[in-house]
Amino acid sequence: LLLQMLDAESSVRGYLLTYNPVYLTPYQDGQAELEQTLDALRADSWADEAQREAIEHLALQVDMRWSQLTRGIERGVPPGTDQPAGGSGKQLTDDMRARILALRTQVQTEIDTTQDDAFARFADTRTMSNVLGASVLALLLALLLTQLKLLVQLLLTQLKLALLLLVPLLVQQLTLLKLALLKL
């Protein structure tokens, strides 16, 4: 918005210095562009009523400044408000600059707050994910230990059965070996 306004001011100054109408193109195109920008600003969802009022006040300042520029073109001389030492034209532009800066600062603060809140929620979510992950890992470990215990019990049972079958065969083989040694 401020750049559009400054382009229009420069355009009028260029025209008034040279009286070459080509310099008026930014001024002539600028009014529609300024209205589009103001409409876009009005359409935004501002955080509070003061911001909406600031946009409306800014629109009034733009209209006042535009009227000054138009009068300067019509008279063929810079308006008395745009003298080298300053004046109400400079004051209007400075006020618009200050109002835009204030809005920008408020919006940036809102963005920073939203971003900080998002990062905090992300950190909370990440912590919850870590806790959930640790819980799942603990559950899997408990299941693994239970399965391992069952496997060890099964192996011990199989070993006992094998020993029960092998001991009589071993006793029989030792008895046969003993008899064979006695015959010698």
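A. Highlighting the overall build of the chain. Looking only at helices and strands, the chain has four helices and zero strands in total. Ordering the α and β elements of the chain from the N terminus gives α-α-α-α. What you see for the chain is a C-alpha radius of gyration of 45 Å, clearly larger than the 16 Å of a compact globule of 184 residues, by over 25%. In the chain, buried positions account for 22% of the 184 residues. Nonlocal contacts in the chain, meaning residues at least 24 apart in sequence, comprise 67% of its contacts between residues at least 6 apart. Accessible area of the chain: about 13500 Å², with a carbon and sulfur share of 66%. Where the 16 positive side-chain charges of the chain centre and where its 21 negative ones centre are 22 Å apart.

B. Geometry of helix H3 (residues 49-75). Taking 1.5 Å of rise per residue, the 27 residues of H3 would be expected to cover 39 Å, and the 39 Å separating its terminal C-alpha atoms lies within 8% of that figure. At the N-terminal boundary of H3, the capping side chain belongs to Asp-48, with an oxygen 3.1 Å from the backbone nitrogen of Ala-50. With its phi angle positive at about 80 degrees, Gly-76 sits one or two positions after the end of H3.

C. Region of the structure containing the packing of helix H1 (residues 2-18) against helix H2 (residues 25-43). Contact geometry of H1 with H2 gives a least axis separation of 8 Å together with a crossing angle of 160 degrees. Classified by the angle between their axes, H1 and H2 sit roughly antiparallel to one another. Note on packing geometry: the crossing formed by H1 with H2 is left-handed. Residue-level contacts link Gln-4, Met-5, Asp-7, Ala-8, Ser-11 and Val-12 of H1 to Thr-25, Pro-26, Tyr-27, Glu-33, Leu-34 and Thr-37 of H2. Taken together, the residues that form the contact of H1 with H2 break down as six nonpolar, four polar and two charged.

D. Region of interest: the side chain of Ser-11. Take Ser-11: it is sitting in helix H1. There is a polar contact of 2.2 Å between the side chain of Ser-11 and the backbone oxygen of Tyr-23.

E. Quick peek at the nonpolar core. Core analysis: the biggest nonpolar cluster contains 24 residues, and Leu-1, Met-5, Tyr-27 and Val-62 have the highest contact counts within it. Those elements that provide at least two residues to this core are H1, H2, H3 and helix H4 (88-183). Ranked by the residues each element gives to this core, the list is headed by H3, at eight residues. Ignoring any residue separated from it by four or fewer positions in sequence, one finds Tyr-27 in contact with Ala-8, Ser-11, Val-12, Trp-66, Leu-69, Thr-70 and Ile-73.

F. Molecular detail of the side chain of Gln-68. If you trace the backbone, Gln-68 turns up in helix H3. The exposure class of Gln-68 is buried, given its relative accessible area of 6%. In this structure the side chain of Gln-68 is engaged in a polar contact, spanning 3.2 Å, whose partner is the side chain of Ser-88.

G. Looking closely at the environment of Leu-164. Here Leu-164 lies in helix H4. A C-alpha to C-alpha distance of 92 Å links Leu-164 and Ala-102, two positions 62 residues apart in sequence.

H. Fine view of the packing of H1 against H3. Where H1 meets H3, the closest approach of the two axes is 10 Å, and the angle between their N-to-C directions is 10 degrees. Classified by the angle between their axes, H1 and H3 sit roughly parallel to one another. On H3, the residues that touch Met-5, Ala-8, Glu-9, Val-12, Tyr-15 and Leu-16 of H1 are Val-62, Arg-65, Trp-66, Leu-69, Gly-72 and Ile-73. Of the residues assigned to the contact of H1 with H3, the class counts are nine nonpolar, one polar and two charged.

I. Examining the packing of aromatic side chains more closely. Within this structure, the stated rule accounts for two aromatic pairs. Judged by centre distance (5.8 Å) and plane angle (80 degrees), the ring pair of Tyr-15 and Tyr-19 falls under edge-to-face. Here Tyr-15 falls in the buried class, since its relative accessible area comes to 15%. Centre to centre, the rings of Tyr-27 and Trp-66 are 4.7 Å apart; their planes meet at 10 degrees, and the pair counts as stacked. Residue Tyr-27 is located in helix H2, and its partner Trp-66 is located in helix H3; the two are separated by 39 residues in the primary sequence. According to the relative accessible area criterion, Trp-66 is buried, its value standing at 7%.

Calculation rules
- Residues numbered from 1 in each chain as written.
- Predicted model: local features only at pLDDT ≥ 70, side-chain atom pairs only at ≥ 80, totals over all residues.
- Heavy atoms only, no water.
- Helix = DSSP H or I, 4+ residues; strand = E, 2+ residues; numbered from the N terminus.
- Rg over C-alpha atoms; globule rule 2.2 N^0.38 Å.
- Buried < 20%, exposed > 50% of the residue type's maximum accessible area, 1.4 Å probe, protein only.
- Contact = heavy atoms within 4.5 Å.
- Areas by Shrake-Rupley, 256 points an atom, 1.4 Å probe, with all protein chains shown as cover.
- Lys, Arg positive; Asp, Glu negative; His and termini not counted.
- Charge placed at Lys NZ, Arg CZ, Asp CG, Glu CD.
- Expected span 1.5 Å × (residues − 1).
- Polar contact = N/O pair within 3.5 Å; in protein donor to acceptor, adjacent residues only side chain to side chain.
- Axes fitted to C-alpha atoms, helices over the stretch in contact; angles between N-to-C directions.
- Parallel < 35°, antiparallel > 145°, perpendicular 65-115°, else oblique.
- Left-handed = near helix turned anticlockwise from the far one by under 90°.
- Nonpolar A, V, L, I, M, F, W, Y, C, P; charged D, E, K, R; others polar.
- Core = buried A, V, L, I, M, F, W, Y, C linked by side-chain atoms within 4.5 Å.
- Phe/Tyr/Trp six-rings, centres within 6.5 Å; stacked < 30°, edge-to-face > 60°.

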